[in-house]
Amino acid sequence: MSVSLLGRSLLTLLDYSPEEIQYLLDLSKKVKNEAKTGRVFSRFTGKTLALLFEKRSTRTRCAFETAFGEEGGHPVFLSTADIQLGGKESLEDTARVLGRMFSAIQFRGFKQETAEILSKYSNIPVYNGLTDLYHPTQALADFLTLRENFGELKGKKLCYIGDGRNNVANSLMIISSKLGVHFTIIAPAQLNPDDALKRRCEEIAKSSGAVITVSPDKNSIEGADAVYTDVWISMGEEDKKEERIRLLSPYQVNQTLMEKTGKKESIFLHCLPAVRNQEVTDEVLDGPQSRAWDEAENRKHTIKAVMLATLIKEP
Ligand code: CP
Ligand code: NVA
């Protein structure tokens, strides 16, 4: 079956079929191999990309900006200090105007609804570069990293430990349920994923064979092929700092916890940025099991693949 994503937005991986996700991962691998040869391509020549940021970013901004620019495209960085995003001018009108000037929009911010409105009214592809709810381009990079380490992923066990209700955890649960990866969230009850999203993922998982588990018990890490954590306090939740540290201190990823997987070959993942020695110790992040730096590099290759697939006829 041939897959075409031309003209599509990527707002959440819930909108993508398993075949479409596999296609993006295959294309990411191809793009990464191309990058290693040093050959220069100009596939985005004549195209423009609006990069809208309500929240800070290192990896996502740099990935979009370099991936697009190095192939001849023109990325334009616009923070909320630069343009109206639902302030004086309505969001719908901003979207209409951007749609007349750009080939695509990347949005990073608070509400998922903002990404949806941008997509609806601009009529050009919109990429979710992180909202409070989802971080789909991160999940693609994470799964490319998993594929590089394990090959076929069906039946592998990915264990996410920490704030089980944040954007990264949500997107990992979605992609795991689509691709048949057993996904375990280890978190205190107060930080469990949204029930409706969990039920939706369980429904999706029926076709892929994935098992979704949520548990407060750290022993559930046993058998994990990959252990994943993220910051305890996501952007925009700074007022929750004390409560989060209290709830999540027992859930730090350290060497003792890594050993509980019972698998020497298990790997450690983190979307970064990391608060060192809070959610993960230096020993694990800098240790031999860590793939966090490959994962960061893979943001660029996967984001380039998403833009190629949605903007170019035969990428
Ligand atoms: N992982 C990630 O999204 O990093 P940035 O916040 O630096 O973009
Ligand atoms: N959950 C984190 C991810 C950062 C890439 C946040 O939203 O801040």
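Residues numbered from 1 in each chain as written. Chains lettered and ligands numbered in written order. Predicted model: local features only at pLDDT ≥ 70, side-chain atom pairs only at ≥ 80, totals over all residues. Heavy atoms only, no water.

Every residue close to ligand 1 is listed here: Ser-57, Thr-58, Arg-59, Thr-60, Arg-108, His-135, Gln-138, Cys-271, Leu-272 and Arg-299. A distance of 2.9 Å separates a nitrogen atom of ligand 1 from a polar atom in the backbone of Cys-271. The separation between a nitrogen atom of ligand 1 and a polar main-chain atom of Leu-272 is 2.8 Å. Starting from 260 Å² of accessible surface for ligand 1 in isolation, the protein chains cover 96%. Mapping ligand 1 onto the cavity grids shows that it belongs to the largest pocket. Its residues assigned to classes, the shell around ligand 1 comprises two nonpolar, five polar and three charged. (Near = heavy atom within 4 Å. Polar contact = N/O pair within 3.5 Å; in protein donor to acceptor, adjacent residues only side chain to side chain. Areas by Shrake-Rupley, 256 points an atom, 1.4 Å probe, with all protein chains shown as cover. 1 Å grid on protein atoms, 1.4 Å probe; cavity = no way out; pocket = protein on both sides within 12 Å on 5 of 7 lines; lining within 4 Å. Sits in = over half its atoms within 2 Å of the grid points. Nonpolar A, V, L, I, M, F, W, Y, C, P; charged D, E, K, R; others polar.)

This part takes up the packing of helix α5 (residues 136-150) against helix α6 (residues 167-179). Packing of α5 against α6 leaves a shortest axis separation of 9 Å and a crossing angle of 55 degrees. The angle between α5 and α6 places the two elements in the oblique class. Seen along the crossing, α5 lies across α6 with a hand that is right-handed. Of the residues in α6, those touching α5 at Pro-136, Ala-139, Leu-140, Asp-142 and Phe-143 are Ser-171, Leu-172, Ile-175, Ser-176 and Leu-179. Looking at the contact of α5 with α6 residue by residue, the classes come out as seven nonpolar, two polar and one charged. (Axes fitted to C-alpha atoms, helices over the stretch in contact; angles between N-to-C directions. Helix = DSSP H or I, 4+ residues; strand = E, 2+ residues; numbered from the N terminus. Parallel < 35°, antiparallel > 145°, perpendicular 65-115°, else oblique. Left-handed = near helix turned anticlockwise from the far one by under 90°. Contact = heavy atoms within 4.5 Å.)

Counted as a void, the largest pocket has a volume near 420 Å³. Residue lining of the largest pocket: 24 residues in total, with Arg-108, Leu-130, Met-235, Leu-272 and Pro-273 positioned closest to the centre. Elements with a contribution of two residues or more to the lining of the largest pocket: α2 (59-69) and α6. Tallied by class, the residues present in the lining of the largest pocket amount to 10 nonpolar, seven polar and seven charged. If you add up the space inside the second largest pocket, you get close to 190 Å³. Forming the boundary of the second largest pocket are Pro-18, Glu-19, Gln-22, Arg-147, Gly-151, Glu-152, Leu-153, Lys-154, Lys-178 and Leu-179. Elements with a minimum of two residues in the lining of the second largest pocket: α1 (18-37) and α6. (Points joined across faces, edges and corners; volume = space filled by probe spheres on them.)

In this section: the sheet that holds strand β3 (residues 104-108). An order of β2-β1-β3-β4 is seen for the four strands of this open sheet, with the pairing classed as parallel. Edge positions in the sheet fall to β2 (74-79) and β4 (126-128), since each of these pairs with one other strand and no more. Across this sheet, the average inter-strand angle for adjacent strands is 20 degrees, counted without regard to direction. As defined by bridge partners, β3 adjoins β4 across three bridges and the pair is classed as parallel. By the bridge assignment, Phe-107 is partnered in β4 with Asn-128. (Pairing = 2+ DSSP bridges.)

So, on to empty space enclosed by the protein. This model, assessed by the stated rule, comprises one cavity of 30 Å³ or more. If you go around the largest cavity, the residues you meet are Leu-146, Phe-150, Lys-156, Lys-157, Leu-158, Val-181, Asp-225 and Ala-226. Tallied by class, residues from the lining of the largest cavity come to five nonpolar, no polar and three charged.

The next point concerns unusual backbone geometry. The omega torsion of the bond from Leu-272 to Pro-273 falls at 5 degrees, within 30 degrees of zero and hence cis. Relative to the helices and strands, Pro-273 resides in the loop between β9 (267-270) and α10 (282-285). Phi angles above zero are rare outside glycine, and Asn-123 is one such case at about 60 degrees. Look at Asn-123 and you get exposed, because its relative accessible area is 69%. (Buried < 20%, exposed > 50% of the residue type's maximum accessible area, 1.4 Å probe, protein only.)

Limitation: the analysis is restricted to geometry and does not speak to function.
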